[in-house]
Amino acid sequence: MLPLRRVIPRRTDFLPAPGPGRHLLAGAFVNSFGSGLFHVVGVIYLVRVVGLPLGQVGAGLSVAGVVGLAVGIPVGHLADRFDPRRLAVVFLLAEAVWMALLVVVRDVAGFLLVATLSGVTEQASRTLRSVLTGRIGGQDRARLRAMIRSATNLSVSLGALAAGVAVQFDTSAAYRSTLLLDALTFALAACVFGLFLPRFAPVPPAPGGGPSGNFPDVRYLAVTAVNGVMTMHYGVLATVLPIWVVQYTRAPAWVVSGLLVLNTVMIVMLQVAASRAATGLAGARRWFARSGAVFLITCSAFALTAHLSAWWATVALLVTTAVYTLGELWHAAASFEFSYELAPDHAIGRYQGVFGTGVGAGNALAPVVLLTLCPLAGGAGWVLAGLIFAVAGVAIRLVPVPSAPVPEGVS
């Protein structure tokens, strides 16, 4: 069992020490507030104001996400050869432009163009933020990554709450103003990064001048693939559970919001504490495997809520979501540790690009896989989804992971 003192949040769990780490978190916080705005109003604006069919909007967003996967690796390579701070500023400003252009979209072709450009720059920015976290955080980079995840989850929730004002007004002006505010958050984040983060020199090539480190080794690729499969679990609470609660259980509809709030609060309060448990590669592998077991148990429990009364379904959903979130915390902490500690210092950008591509692939597959399994296949589908995560947890134990970080020059 994990000692209680290691999971109780400390005051230092929420903010890095003054300096570049805190500035990186601040920029990410501003950027994520805009993401929360778009998550609420984006689809509503495209359907109700622009007049696009919902199916075309969904397909366009999926295409944008898939196209964006292609840029993670080359952007990671650029981050090793050039200043990642400057690259991050460029891509954030590009995101601001694409988001601002969304307010003048009038047809499917314009939407697909803007969505694709946004998907590319969003994946690039995500990769560069991971690289900056690694360069700024040093040996404490996994903890800094956990702090940023905690802060951005809070920020997304605040943005979603603010976007509710536009939904309440339900006018084209309100929706367009919210999208322009989202564009402004990208520009503000770019200003924070450009003004307050230090410049970074190019990373020296692999010792000896050989090709070592040009592309991650088989071990890193295997961990990336297994983590990509496990990453699909994020779609359970974000995509599947709201539909499940409303259409397949007797629980009141407000429970959906309650579950998401519970998940967010636990992540904000406990993500950094969870990262202390997954310190070291051996610890990361252990907690990654345990998260898979938790997902199997909780997915099976979600399936049972369809057979309960309204009261008991509500209680069961809240308790199961809390336990599910523990698995999410453990997986996130373990994945941070793997992504950095298995990457040699001379190629951290390229390795982060590959790892981020695996995460993006998992996120792209999650809606189609989980929506097919869970609501459509019912209880058996929920169990099968849980088994997928449990198998990923077992698979990580089969990857030969060293007990110590990868030394400089080894890849």
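Residues numbered from 1 in each chain as written. Predicted model: local features only at pLDDT ≥ 70, side-chain atom pairs only at ≥ 80, totals over all residues. Heavy atoms only, no water.

## As for the overall build of the protein chain
Then, number 1: When helices and strands are tallied, the protein chain shows 14 helices and zero strands.
Then, number 2: Scanning the protein chain from its N terminus toward the C terminus, one meets helices and strands in the order α-α-α-α-α-α-α-α-α-α-α-α-α-α.
Then, number 3: In summary, the protein chain has a C-alpha radius of gyration of 21 Å against a globular reference of 22 Å for 411 residues, a match within 12%.
Then, number 4: Along the first, second and third principal axes, the C-alpha atoms of the protein chain reach 65 × 50 × 40 Å.
Then, number 5: Expressed as a percentage of its 411 residues, the buried residues of the protein chain come to 49%.
Then, number 6: Carbon and sulfur atoms form 72% of the exposed surface of the protein chain, whose accessible area is close to 17300 Å².
Then, number 7: The centroid of the 27 positive side-chain charges in the protein chain is displaced by 6 Å from the centroid of its 15 negative side-chain charges. (Helix = DSSP H or I, 4+ residues; strand = E, 2+ residues; numbered from the N terminus. Rg over C-alpha atoms; globule rule 2.2 N^0.38 Å. Buried < 20%, exposed > 50% of the residue type's maximum accessible area, 1.4 Å probe, protein only. Areas by Shrake-Rupley, 256 points an atom, 1.4 Å probe, with all protein chains shown as cover. Lys, Arg positive; Asp, Glu negative; His and termini not counted. Charge placed at Lys NZ, Arg CZ, Asp CG, Glu CD.)

## Details of the nonpolar core
Across soluble globular proteins, nonpolar side chains show a tendency to be buried alongside one another.
Then, number 1: Of all hydrophobic cores here, the largest spans 53 residues; its most connected members are Tyr-45, Leu-46, Leu-102, Phe-111 and Phe-193.
Then, number 2: Per-element tally for this core: the top contributor is helix H7 (residues 172–196), with nine residues.
Then, number 3: Discounting residues that sit within four places of it in the chain, Phe-193 has contacts with His-23, Leu-24, Gly-27, Ala-28, Arg-85, Ala-88, Val-89, Leu-92 and Leu-132.
Then, number 4: Core analysis: the next-biggest nonpolar cluster, separate from the first, contains 43 residues, Met-232, Ala-251, Ala-289 and Leu-373 among them. (Core = buried A, V, L, I, M, F, W, Y, C linked by side-chain atoms within 4.5 Å. Contact = heavy atoms within 4.5 Å.)

## Description of the packing of aromatic side chains
Then, number 1: Summed over all chains, the structure comprises 10 aromatic pairs.
Then, number 2: Considering the side-chain rings of Tyr-220 and Tyr-351, the 4.6 Å spacing of their centres and the 70 degrees angle between planes classify their relative orientation as edge-to-face. Taken together, the residues Tyr-220 in helix H8 (residues 218–231) and Tyr-351 in helix H13 (residues 348–377) connect sequence positions 131 residues apart. Both residues of the pair, Tyr-220 and Tyr-351, count as buried.
Then, number 3: Through successive ring pairs, a cluster of aromatic residues spans Trp-244, Tyr-248, Phe-295, Phe-302, Tyr-324, Trp-382 and Phe-389. (Phe/Tyr/Trp six-rings, centres within 6.5 Å; stacked < 30°, edge-to-face > 60°.)

## Quick notes on the packing of helix H9 (residues 234–248) against helix H12 (residues 310–341)
In a packed pair of helices, the relevant descriptors are the angle between the two axes and the axis-to-axis distance.
Then, number 1: The interhelical angle for the contact between H9 and H12, taken along N-to-C directions, is 165 degrees, at an axis separation of 11 Å. With respect to their mutual orientation, H9 and H12 come out roughly antiparallel. Between H9 and H12 the crossing geometry is right-handed. The residues of H12 that touch H9, namely those facing Tyr-234, Val-236, Leu-237, Leu-241 and Val-245, are Leu-317, Thr-321, Tyr-324, Thr-325, Glu-328, His-331 and Ala-332.
Then, number 2: Of the residues assigned to the contact of H9 with H12, the class counts are eight nonpolar, three polar and one charged. (Axes fitted to C-alpha atoms, helices over the stretch in contact; angles between N-to-C directions. Parallel < 35°, antiparallel > 145°, perpendicular 65-115°, else oblique. Left-handed = near helix turned anticlockwise from the far one by under 90°. Nonpolar A, V, L, I, M, F, W, Y, C, P; charged D, E, K, R; others polar.)

## Details of the side chain of Thr-224
Then, number 1: Structurally, Thr-224 can be placed in helix H8.
Then, number 2: By relative accessible area, which is 7% here, Thr-224 ends up buried.
Then, number 3: Setting aside residues up to four positions removed in sequence, Thr-224 forms contacts with Val-354, Phe-355 and Gly-358.

## Topic: the environment of Ile-267
Then, number 1: Its place among the elements puts Ile-267 in helix H10 (residues 255–277).
Then, number 2: The spacing of Ile-267 and Met-147 is 120 residues in sequence and 9.9 Å in space, taken between C-alpha atoms.
Then, number 3: Leaving out residues up to four positions away in the same chain, Ile-267 has contacts with Arg-149, Ser-150, Asn-153, Thr-325, Glu-328 and Leu-329.

## Re helix H6 (residues 141–169)
Then, number 1: Helix length check: H6, at 29 residues, gives a terminal C-alpha distance of 42 Å against a target of 42 Å (1.5 Å per residue), a fit within 8%.
Then, number 2: Positioned one or two residues after H6, Asp-170 has a phi angle of 55 degrees, which is positive. (Expected span 1.5 Å × (residues − 1).)

## Brief notes about unusual backbone geometry
Then, number 1: Of note, Asp-170 is a non-glycine position whose phi angle comes to about 55 degrees, a positive value.
Then, number 2: Tracing the backbone shows Asp-170 in the loop between H6 and H7.
Then, number 3: Judged by its relative accessible area of 32%, Asp-170 falls in the partly exposed class.

## Some words on the pattern of salt bridges
Then, number 1: Across all of its chains, the model carries eight salt bridges by this definition.
Then, number 2: Between Arg-143 and Asp-140 there is a salt bridge, and its shortest N-O distance comes to 3.6 Å.
Then, number 3: Since its relative accessible area comes to 24%, Arg-143 is described here as partly exposed.
Then, number 4: Arg-141 is the salt-bridge partner of Glu-341, the closest N and O atoms lying 3.9 Å from each other. Highlighted residues: Glu-341 in helix H12 and Arg-141 in helix H6, separated in sequence by 200 residues. Pair check on accessibility: Glu-341 and Arg-141 agree, each one buried. (Salt bridge = Lys/Arg side-chain N within 4 Å of Asp/Glu carboxyl O.)

## Focus: H7
Residues three or four positions apart in an α-helix share a direction because the helix packs 3.6 residues into each turn.
Then, number 1: The terminal C-alpha atoms of H7, which comprises 25 residues, lie 36 Å apart, in line with the 36 Å expected from a rise of 1.5 Å per residue.
Then, number 2: Within the span of H7, buried status applies to Ala-174, Tyr-175, Thr-178, Leu-179, Asp-182, Ala-183, Thr-185, Phe-186, Ala-189, Ala-190, Val-192 and Phe-193.
Then, number 3: Where H7 is buried, its residues touch helix H1 (20–49), helix H4 (84–101), helix H5 (108–137) and H6.

## What about the packing of helix H2 (residues 54–68) against H5?
Then, number 1: At a minimum axis distance of 8 Å, the contact between H2 and H5 shows a crossing angle of 35 degrees. The crossing of H2 and H5 is right-handed. Contact residues: H2 offers Gln-56, Val-57, Gly-60, Leu-61, Ala-64, Val-67 and Gly-68, while H5 offers Val-108, Phe-111, Leu-112, Ala-115, Thr-116, Gly-119, Val-120 and Gln-123.
Then, number 2: Residues belonging to the contact of H2 with H5 are distributed by class as follows: nine nonpolar, six polar and no charged.

## Brief notes about the confidence of the model for the protein chain
Then, number 1: On average, residues of the protein chain carry a pLDDT of 86, and 91% of them reach 70 or more.
Then, number 2: Taken element by element, the protein chain is modelled with least confidence in H2, mean pLDDT 81, and with most confidence in H4, mean pLDDT 96.
Then, number 3: Segment residues 208–213: pLDDT under 50, and nine contacts once partners within four positions in sequence are set aside and those in other chains are kept.
Then, number 4: Across residues 407–411, where pLDDT falls below 50, the model places 13 contacts with residues more than four positions away in sequence or in other chains. (pLDDT = per-residue confidence, 0-100.)

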